[in-house]
Every structure is written in C-alpha cells, then in structure tokens.
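# A structural walkthrough
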Amino acid sequence: MVTLTINGQDHELDVPDQMPLLWALRDVVQLTGTKFGCGMAQCGACTVHLNGEAVRSCVTPVSQAQGREITTIEAIGDDEVGQRIQQAWLDLGVAQCGYCQGGQIMSATALLNREPDPDDAQILEAMAGNLCRCGTYNRIRQAIHRAAGHEEEQA
C-alpha cells in the first residue's frame, strides 16, 4: 500500500512502488487530466507538481511521490498563479487541439511560482521539455508574460 497526497487529499493505493505516477493518477485515482504522451519524459504531456516542482509523471514512480504533495491539472486553479495562467491561456486562445495544454499549464505555473518575473530565456528554458504539435509556442510564451503582468510583451 502506498499513501499519496493528491490535490490535498490522501489516497491509499494498492499499487506497486515502481508504478509510474501517471498510471496511478489516471487508472487508479481516475484523474485523467494528466495525459500520456511518450512514456519517456520527452514531451511534457504528463507534467504534474511534486511539492510545487514540475515533474514528468510517466517516469516518476509512486514511491518517489509518497510523502510529497502532488498537484494535478485538476487542482491547478486552486493556486493563485495557476488561476492567472489559466486565464491568460483563455484570453489569448493558446490551445488548439489541447492535448498538451495540461502539461504546459503545469510547467508554466511552476515557473511563475519560482520566478514571478521571467524573461524570454527563462520561459524558453522552463518550457523546453513541453512539446506542442500544434505549434502554439508563441502564444504560450505570451500567456506566461501576461500571467506575470507584462501586457506590453504580448505582441
């Protein structure tokens, strides 16, 4: 048995210690907002927060998440920065197909929580592990600037 704190609630799971956190979240806890993309931590679709840090849940074993606060896309709106990121995403129409957007929002929220006033280089570095097949990278960057309060950098 593993006890995980997910979105502020404790969950007792009867899963192997090495099960990827992604599958525990999706298949056992039924939180399906975190997506499977590549299974190799290369695309970012599976990004969640462990104690506020963006991690790839497809390669993170549940044993590594035990004793840490797990936040998924379902609860990111409970975070003030997460709310600002989500609103900026909506305001700028960032999403196209939307598949990667949960992971993008999770990475962007982690960035602004640790660096409230990022420049373009910091944004590019923080978001480098998140792929978007629709190519919305410019709108993602603009939305992060907007959430950080930099309206003038929207062009």
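The following paragraphs examine the structure supplied in this document.

Calculation rules
- Residues numbered from 1 in each chain as written.
- Predicted model: local features only at pLDDT ≥ 70, side-chain atom pairs only at ≥ 80, totals over all residues.
- Heavy atoms only, no water.
- Helix = DSSP H or I, 4+ residues; strand = E, 2+ residues; numbered from the N terminus.
- Buried < 20%, exposed > 50% of the residue type's maximum accessible area, 1.4 Å probe, protein only.
- Polar contact = N/O pair within 3.5 Å; in protein donor to acceptor, adjacent residues only side chain to side chain.
- Contact = heavy atoms within 4.5 Å.
- Pairing = 2+ DSSP bridges.
- Core = buried A, V, L, I, M, F, W, Y, C linked by side-chain atoms within 4.5 Å.
- Axes fitted to C-alpha atoms, helices over the stretch in contact; angles between N-to-C directions.
- Parallel < 35°, antiparallel > 145°, perpendicular 65-115°, else oblique.
- Left-handed = near helix turned anticlockwise from the far one by under 90°.
- Nonpolar A, V, L, I, M, F, W, Y, C, P; charged D, E, K, R; others polar.

### Remarks on the side chain of Thr72
Tracing the sequence through the fold places Thr72 in the loop between strand S5 (69-71) and helix H3 (80-92). Thr72 gets classed as buried once you look at its relative accessible area, which sits at 0%. A distance of 2.8 Å separates a polar atom in the side chain of Thr72 from a polar atom in the side chain of Asn7. Looking at Thr72, its side chain comes within polar contact range of the side chain of Glu74, at 2.6 Å. What Thr72 contacts, discounting residues up to four positions off in sequence, is Ile6, Asn7, Leu25, Leu31, Thr34, Val48 and Met106.

### Some remarks on the pairing of strand S2 (residues 9-13)
With five bridges connecting them, strand S1 (residues 2-6) and S2 associate as antiparallel partners. When the bridges of S2 are listed, Leu4 appears paired with His11. Joining the antiparallel neighbours S1 and S2 is a turn of two residues, in which Asn7 adopts a positive phi near 50 degrees.

### Focus on the environment of Thr109
Checked against the element boundaries, Thr109 lands in helix H4 (residues 101-114). You can call Thr109 buried: its relative accessible area is 0%. Spatially, the C-alpha atoms of Thr109 and Glu80 are 9.3 Å apart, while their sequence positions differ by 29 residues. Contacts of Thr109, omitting those with residues within four sequence positions, involve His49, Ile76, Asp79, Val81, Gly82 and Ile85. A distance of 2.8 Å separates the side chain of Thr109 from the backbone oxygen of Ile105, its partner in a polar contact.

### Regarding the nonpolar core
If you look at the biggest cluster of nonpolar residues, it comprises 20 residues, and the most contacted ones within it are Ile85, Trp89, Leu112 and Ile144. If you list the elements that add at least two residues to this core, you get H3, H4, helix H5 (120-127) and helix H6 (137-147). In terms of residues, this core owes the most to one element, H4, which gives five residues. Not counting residues up to four positions away in its chain, the partners in contact with Leu112 are Val81, Ile85, Pro118, Ile144, Ala147 and Ala148.

### Digging into the packing of H3 against H6
Between H3 and H6, the least distance of the axes is 8 Å, while the angle of their chain directions is 130 degrees. What the angle tells us is that H3 and H6 run oblique. The handedness of the crossing between H3 and H6 comes out as right-handed. From H3, Arg84, Ile85, Ala88, Trp89, Asp91 and Leu92 reach across to H6, where they touch Arg139, Ile140, Gln142, Ala143, Ile144, Arg146 and Ala147. Of the residues contributing to the contact of H3 with H6, the split by class is eight nonpolar, one polar and four charged.

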